[in-house]
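Listed below, chain by chain, are the residues.
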Amino acid sequence: MKAVKELSERMKGKKQLFRDKNVKPTEQLIAESLGEGYVIYQRFIEILENEGISLMDWRYYQDGKAWLSKGEYKWTTTRGTNKVKPIFWLSMWEGFFKVSFHFSEKVRTQLLSLPISEETKEAIYKAPTNGTKMKFFSVIFHVASDSPLNDIYQIAEFRKHSI
């Protein structure tokens, strides 16, 4: 838990990037904004693609006044219908990126049984519940190193197949 606390302290005060709706994120802008972390971002994207999860094009969202991308799992049913399932949201910050998952309260126990780190299990356990009719909670990873990647992949696989 100490490592997570130190990482949170380092990221405190960092600003979300790509907030100008006239400047769409490009690979060059992402590389410049992440600096040394761009290698981790590339590895993250490569492994996701190997798992059948692709990033949608960056889109500007008025409510948050920022450009976001979404990890999506696409497949075709046996009857030939194309399906798309959103897996996570992606945002860029000064020197790191955030991967945000949103889950129904009903699956919290299942998430806690996944083969993930104790730090991530603690974050899931302590995540506050939001919503009035539809209860949900968020699991957000601040990715500045490759240490959270395994947990992200485990949770993405769970979301892909279980929800």
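The structure under discussion appears in the preceding block.
Residues numbered from 1 in each chain as written. Predicted model: local features only at pLDDT ≥ 70, side-chain atom pairs only at ≥ 80, totals over all residues. Heavy atoms only, no water.

Student: Where do I start with the pattern of salt bridges in this structure?
Tutor: Side-chain pairs of opposite charge can arise whenever the charged atoms involved come near each other. On inspection of all chains with the given rule, the structure shows six salt bridges. K126 is paired through a salt bridge with E122; the nearest N and O atoms lie 2.8 Å apart. Linking K126 with E122, this pair stays in helix α5 (residues 118-126), spanning four residues, or about one helical turn. Exposure remark for K126: the relative accessible area of 58% places this residue in the exposed category. (Salt bridge = Lys/Arg side-chain N within 4 Å of Asp/Glu carboxyl O. Helix = DSSP H or I, 4+ residues; strand = E, 2+ residues; numbered from the N terminus. Buried < 20%, exposed > 50% of the residue type's maximum accessible area, 1.4 Å probe, protein only.)

Student: When you look at α5 in this model, what are you seeing that I'm missing?
Tutor: Buried within α5 we find T120, K121 and I124. Buried residues in α5, looked at end-on, bunch into an arc of 100°, giving them a common side. Away from its buried face by more than 90 degrees, α5 exposes E118, Y125 and K126. Looking at the buried residues of α5, the elements they touch are α4 (108-112), β6 (136-143) and α6 (149-162). (Arc of directions from axis to C-beta. Contact = heavy atoms within 4.5 Å.)

Student: Hey, could you run me through the pairing of β6 in this one?
Tutor: Note on strand geometry: in a regular strand, side chains alternate between the two faces of the sheet. Burial along β6 is one-sided: the face carrying F137, V139, F141 and V143 is buried and the face carrying F136, S138, I140 and H142 is not. Relative to β6, strand β5 (residues 96-104) runs antiparallel, the two sharing eight bridges. Note on β6: the bridge partner recorded for V99 is F141. (Pairing = 2+ DSSP bridges.)

Student: Looking at this structure, I do not really get the nonpolar core. What am I missing?
Tutor: The tendency in soluble globular proteins is for nonpolar side chains to be buried side by side. Ranked by size, the top nonpolar core spans 39 residues in total, and within it Y41, F44, M92, F97, V99, F101 and I155 carry the most contacts. If you list the elements that add at least two residues to this core, you get α2 (27-34), α3 (38-50), β3 (66-76), β4 (82-93), β5, β6 and α6. (Core = buried A, V, L, I, M, F, W, Y, C linked by side-chain atoms within 4.5 Å.)

Student: Before we go on, may I ask you to explain the pairing of β5 in this structure?
Tutor: Most of β5 sits out of view: seven of its nine residues are buried. As paired strands, β4 and β5 are joined by five bridges and run antiparallel to one another. Paired with W89 across the bridge in β5 is S100. Turn length for the β4-β5 hairpin, with the two strands adjacent in sequence and antiparallel, is two residues, and the turn residue G95 shows positive phi of about 85°.

Student: What am I meant to see in the packing of α3 against α6 here?
Tutor: Each pair of packed helices gets described by two things: the angle between the helix axes and the distance between those axes. The N-to-C vectors of α3 and α6 enclose an angle of 25°; their axes lie 11 Å apart at closest approach. If you check the angle between α3 and α6, you find them roughly parallel. Note that α3 runs across α6; the crossing there is right-handed. Of α6, the residues touching α3 (which contributes I40, R43, F44, I47 and L48) are L149, I152 and Y153. Residue classes in the contact of α3 with α6 are distributed as seven nonpolar, no polar and one charged. (Axes fitted to C-alpha atoms, helices over the stretch in contact; angles between N-to-C directions. Parallel < 35°, antiparallel > 145°, perpendicular 65-115°, else oblique. Left-handed = near helix turned anticlockwise from the far one by under 90°. Nonpolar A, V, L, I, M, F, W, Y, C, P; charged D, E, K, R; others polar.)

Student: Even after reading the chapter, I still don't get the layout of surface pockets, so can you show me in this structure?
Tutor: Think of a ball as big as a water molecule: rolled over the atoms, this probe shows where empty space is left. Size it by volume and the second largest pocket reaches roughly 210 Å³. Together, Q16, Y61, D63, G64, A66, L68, W89, L90, S91, S100, H102 and I140 line the second largest pocket. Of all the secondary structure elements, the ones that give two or more residues to the lining of the second largest pocket are β3, β4 and β5. In terms of residues, the lining of the second largest pocket owes the most to one element, β4, which gives three residues. Grouping the constituent residues of the lining of the second largest pocket by class yields six nonpolar, five polar and one charged. (1 Å grid on protein atoms, 1.4 Å probe; cavity = no way out; pocket = protein on both sides within 12 Å on 5 of 7 lines; lining within 4 Å. Points joined across faces, edges and corners; volume = space filled by probe spheres on them.)

Student: Just checking my understanding: could you explain the side chain of K85 for this structure?
Tutor: With respect to the helices, strands and loops of the structure, K85 is situated in strand β4. Within the buried set, K85 has no salt-bridge partner at all; the shortest N-O distance to an opposite charge, 10 Å, is to E157. A distance of 3.5 Å separates the side chain of K85 from the backbone oxygen of R159, its partner in a polar contact. There is a polar contact of 2.9 Å between the side chain of K85 and the backbone oxygen of K160. Beyond its immediate chain neighbours, meaning those up to four positions away, K85 contacts G71, E72, Y73, W75, R159, K160 and I163. (Lys, Arg positive; Asp, Glu negative; His and termini not counted. Polar contact = N/O pair within 3.5 Å; in protein donor to acceptor, adjacent residues only side chain to side chain.)

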